[in-house]
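Coordinates in review
Each chain is listed here by its residues.
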Amino acid sequence: MAASDESRKLAEESSWIDRAQKGDREAFAQLVEHYWDRLYRWLYHLTHHQHSAEDLAQDALMKAFAKLETFRPGSNFQAWLFRIAYNAFLNQRRVANRSRSPFPDDVAGIDAGPDEQAISREAMQLLGRAVHRLPGEFRAALLLRVEEGLSFREIADVLETTEQTARWRVFKARQKLLSVLAPQLDREKP
Amino acid sequence: MNCHTAQRRLLSLADATRVPASLRAHLIDCPTCQEWQRRVIQVDRHIPLLPVPPSTFAKARFLREVRTKPSLWRRAQDGLVQVVGQFRQRQNWQMTAAGLAAAAAVLFVVVHLTGPNPGMVVNPSRRNQPDPLLASLVQRSTALAEVRQPDRQAEILGHMAEDLRGQTERLAHSADTRSSQEVLARWYGKVVGEEVKRAQEVPAAERGRVLAPLALQLAQAAGEADQLADEISAGRTNDPLRSISRIARKAKRELDTLRDQRATLELRVPLLAPRLMAAGLVFAAAEPGPSAAEQALRFQRNERLIQSVVDGSLLLASESDPVKRADVCKQIAKVFAEEIQRAAVDHEGPRAAELSGYFSTVLERGVAFNLQSAGEKVPLVSMQNGPLLEIGAQVAQIAQPLEAELRRDGDPRTQTYLKQALTSVENGERQVREVLKDRAKEVRLHADPEKK
């Protein structure tokens, strides 16, 4: 069921892309609906600034819109879009120097899944701050892996690097997070 | 394998829940590494739960602009020239000085390299490119065919008006396109007029919510039309643009009266301006879009189709009887069928394929949808089925000769397109037939009871 659902979603996305390439604005709006939240979320984690993330998301989607005819049907649209966004983020970082917002500590009740996997509110806050403090490249790669489910190959496409480097960045990010969280997780161990 | 290696491998896996056999063999016997694996999984699973401020408003605003601003589409597709012209006029943008200086330098180069030549002969490859205006208007029209609520109708008509205004503005850079601009401005007036009529039907309690964005859209339309007219006038007047501006202002005043507000004509400069700039910058690296002259030729080629869609839309907005609405859509489809036929005979495969797509959409969303709607109130065996079945028969009369033409063996270069066109036409006709099949069967049975 999951596999057929996935292929149905891909087929739907292909249809939107095809129609948008022919001038169908509603089809492009569907792509915006589909990707905005994920793109914004990733950009928020990169910028730590809500309005910057919103501006960048909009910027990336506009750029994707403008060069849609260059997108190769059948290739990974998400990686293509996120690459555009990442380049926009890098460009913006060069010219702007916005003040970063502190990591929001108002973490709501967490339920990650099976009870034995859930972590405490304190650990969650610690995790959030640790992610916030990761070097940008590591953070970008890690989030593409765990939030977007991209393969290392696709992460490399987005970040315009090699697959080996993408894997290494995710490795370093996890290593850092685990070292920060270890004391807290030790305390919470049953 | 030792624990150090195992733990490093776990950190570098794509998914720590899926471990290779060699690593699994170590984990089975190592509680320390099992705990390590558990923590890696925990961290991966909790990161997506980290809170992020919502961006609901920004998303909604952007979606609204994507859906309602043909200028967005146009500017992104046409490249920099219009964007530069409009950007100079904008008052409310947020780019930093450093970014502006860098962008200006690039713009200078790009404008000189890629500026359009209004006198350019039509590029043959562009002749076959889909017409975004026609595509958008067909979408609007079929959306109107599916709704009867005045608030939705007013909104769709507002979008349609914006499509027409956008096209007028695209043509405005070339004086040779004056007659086309005038036609478009006339249609704009009709559509906005109908939009106001629909707005009058909106219940009073909902007017504030429904009419405010429409009024804003009209205010922006008036401002942008005037702005562009000022930019390109160079001593001559641009009547179509001024006419659009007057129509938009008048309509806005009428909507304000309906809302019982005394709003001034405040122009909200879209915050999208720097993004349009960025989009234009990106597009500048690609091939420039069609010139005003090419667009005018494309408009003239499709003028009859566009007129049928616009006129049909006005009827759809004012007609509530689904049978009559189905008939209106059938008439639109008929005009498309004639053009598809012409394209097939002239071996214009891409054009036949493009128009067949619209034909199918009109039949499915316009005719079939309304026949289905009408049929919900009519029993399977009823005299009232007559008009429904008559429309079905007329659709078949339109589609079948067209299908025969598309099946004809012809130029191998256009075969693929004609097959695609045939598929679209057959699909549209099938949608209508499906809706009526039970009724048609009942009529046949009653005509010949021995067949029961």
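Residues numbered from 1 in each chain as written. Chains lettered and ligands numbered in written order. Predicted model: local features only at pLDDT ≥ 70, side-chain atom pairs only at ≥ 80, totals over all residues. Heavy atoms only, no water.

1. Let's talk about the overall build of chain B
Helix and strand content of chain B: 19 helices and zero strands. Looking at chain B residue by residue over its 452 residues, the buried ones come to 53%. Considering only contacts within chain B whose residues lie at least 6 apart along the sequence, 76% involve residues at least 24 apart. (Helix = DSSP H or I, 4+ residues; strand = E, 2+ residues; numbered from the N terminus. Buried < 20%, exposed > 50% of the residue type's maximum accessible area, 1.4 Å probe, protein only. Contact = heavy atoms within 4.5 Å.)

2. Regarding the overall build of chain A
Within chain A, the regular secondary structure consists of eight helices and zero strands. Of the regular secondary structure in chain A, the N- to C-terminal order runs α-α-α-α-α-α-α-α. Here chain A, with 190 residues, has 52% of them falling under the buried criterion. Once local pairs closer than 6 in sequence are excluded, the contacts in chain A between residues at least 24 apart make up 61%. Carbon together with sulfur atoms contributes 47% to the accessible area of chain A, which is approximately 8800 Å² in total. (Areas by Shrake-Rupley, 256 points an atom, 1.4 Å probe, with all protein chains shown as cover.)

3. Examining unusual backbone geometry
Its identity is not glycine, yet E160 of chain A carries a phi of approximately 55 degrees, on the positive side. Under the relative-accessibility criterion, E160 of chain A is labelled exposed at 53%. For H347 of chain B, which is not glycine, the phi dihedral falls at a positive 60 degrees. By the secondary structure assignment, H347 of chain B is in the loop between α16 (322-345) and α17 (349-375). Residue H347 of chain B is classed as partly exposed on the basis of its relative accessible area of 45%.

4. Description of the pattern of salt bridges
For the structure shown, the criterion picks out 45 salt bridges over all chains. Here R178 of chain B ties to E182 of chain B by a salt bridge, and the two come within 3.4 Å at their closest N and O atoms. A residue pair is termed a helical-turn pair when its members lie 3 or 4 positions apart in one helix, as R178 of chain B and E182 of chain B do in helix α11 (residues 178-201) at four residues. It is possible to trace a salt-bridge network through shared partners that takes in E26, E33 and D37 of chain A together with K59 and R67 of chain B. (Salt bridge = Lys/Arg side-chain N within 4 Å of Asp/Glu carboxyl O.)

5. Considering the packing of aromatic side chains
All names here are of chain A. Tallied over the entire structure, the rule returns 13 aromatic pairs over all chains. Seen in terms of ring centroids, F138 and W168 are 5.6 Å apart; in terms of plane orientation they differ by 85 degrees. Their pairing is edge-to-face. A residue pair is termed long-range when its members are at least 10 positions apart, and F138 in helix α6 (residues 136-146) and W168 in helix α8 (residues 163-188) qualify at 30 residues. With relative accessibility at 14%, the residue F138 sits in the buried group. (Phe/Tyr/Trp six-rings, centres within 6.5 Å; stacked < 30°, edge-to-face > 60°.)

6. Some points on the side chain of Q7 of chain B
Residue and element names in this part refer to chain B. Following the sequence through the fold, Q7 ends up in helix α1 (residues 3-12). Take Q7: its relative accessible area is 18%, and that puts it in the buried class. Apart from residues no more than four positions distant in its own chain, Q7 is found in contact with T32, C33 and W36.

7. Some details on the confidence of the model for chain A
Residue and element names in this part refer to chain A. Mean pLDDT over chain A works out to 84, with 85% of the residues at or above the 70 mark. Per-element confidence in chain A is highest for α6, whose mean pLDDT is 95, and lowest for helix α1 (residues 2-21), whose mean pLDDT is 83. Note that pLDDT drops below 50 for residues 106-116; the model gives that stretch 14 contacts with residues more than four away or on any other chain. (pLDDT = per-residue confidence, 0-100.)

8. Things to note about the environment of A221 of chain B
Residue and element names in this part refer to chain B. The residue A221 is located in helix α12 (residues 204-233) in this model. Residues A221 and I247, 26 residues apart in the sequence, show an inter-C-alpha distance of 9.6 Å. Here A221 is in contact with E162, R165, Y188 and A248, once residues within four sequence places are set aside.

9. Description of helix α15 (residues 292-318) of chain B
A rise of 1.5 Å per residue sets the reference length of α15 of chain B, with its 27 residues, at 39 Å; its end C-alpha atoms lie only 34 Å apart and thus fall more than 12% short of the reference. The sharpest bend along α15 of chain B measures roughly 60 degrees and falls at N302 of chain B. (Expected span 1.5 Å × (residues − 1). Bend = angle between axes of the 7 residues up to and from the residue.)

10. Description of the packing of α6 of chain A against α8 of chain A
Residues and elements named next belong to chain A. Contact geometry for α6 and α8: axes closest at 8 Å, N-to-C directions at 95 degrees. What the angle tells us is that α6 and α8 run roughly perpendicular. Between α6 and α8, the contacting residues are E137, F138, A141, L142, R145 and V146 on the first element and A166, W168, R169, V170, K172, A173, R174 and L177 on the second. (Axes fitted to C-alpha atoms, helices over the stretch in contact; angles between N-to-C directions. Parallel < 35°, antiparallel > 145°, perpendicular 65-115°, else oblique.)

11. Structural notes on the confidence of the model for chain B
All names here are of chain B. Of all residues in chain B, 77% have pLDDT values of 70 or greater, and the mean over the chain is 79. By mean pLDDT, the top-scoring element of chain B is α16 (95), and the lowest-scoring one is helix α6 (residues 80-89) (32). Below a pLDDT of 50 lies the segment residues 79-123, which in the model reaches 65 contacts outside its immediate sequence neighbourhood of four places, other chains included. Predicted confidence for residues 262-288 stays below pLDDT 50, and this span has 73 contacts to residues more than four positions away or in other chains. Both confidence scores are given for the complex: pTM 0.52, ipTM 0.87.

12. Some remarks on the nonpolar core
Residue and element names in this part refer to chain B. Residues Y188, F336, F359, V367 and L406 are the most contacted members of the largest nonpolar core, which totals 83 residues. Tallying contributions element by element places α16 first for this core, with 12 residues. If we skip the residues at most four places from it in the chain, F359 touches A333, F336, A337, I340, I398, A399, L402 and V425. (Core = buried A, V, L, I, M, F, W, Y, C linked by side-chain atoms within 4.5 Å.)

13. Quick notes on the packing of helix α9 (residues 132-146) of chain B against α15 of chain B
All names here are of chain B. Orientation of α9 relative to α15, taken along the N-to-C sense of each, is 15 degrees, at an axis distance of 9 Å. Of the possible angle classes, the one that applies to α9 and α15 is roughly parallel. α15 is crossed by α9, and the crossing has left-handed handedness. Contacts between α9 and α15 pair P132, L133, L134, L137, V138, S141, L144 and A145 from the former with R298, F299, N302, L305, I306, V309, V310, S313, L316 and A317 from the latter. Among the residues forming the contact of α9 with α15, the class breakdown is 14 nonpolar, three polar and one charged. (Left-handed = near helix turned anticlockwise from the far one by under 90°. Nonpolar A, V, L, I, M, F, W, Y, C, P; charged D, E, K, R; others polar.)

14. Topic: helix α5 (residues 121-133) of chain A
Look at α5 of chain A: 18 Å from first C-alpha to last across 13 residues, which is about the 18 Å you get at 1.5 Å a residue. Listed as buried for α5 of chain A are A123, M124, Q125, L127, G128, A130, V131 and H132 of chain A.

15. A short note on the state of the cysteines
Residues and elements named next belong to chain B. Enumeration over the complete set of coordinates arrives at zero disulfides over all chains. C30 carries a free sulfur, and the closest cysteine sulfur to it, the one in C3, is 3.5 Å from it. Given the relative accessible area of 9%, C30 is considered buried. (Disulfide = S-S within 2.5 Å.)

16. So, the side chain of R325 of chain B
All names here are of chain B. Inspection of the secondary structure puts R325 in helix α16. Of the side chains with opposite charge, E319 comes closest to the buried, unpaired R325, at an N-O distance of 7.2 Å. Within the structure, R325 has its side chain in polar contact with the backbone oxygen of V147 (distance 2.8 Å). If near-sequence neighbours (up to four positions away) are discounted, R325 is found in contact with L144, A145, E146, V147, R148, Q153, L316, E319, S320 and N370. (Lys, Arg positive; Asp, Glu negative; His and termini not counted. Polar contact = N/O pair within 3.5 Å; in protein donor to acceptor, adjacent residues only side chain to side chain.)

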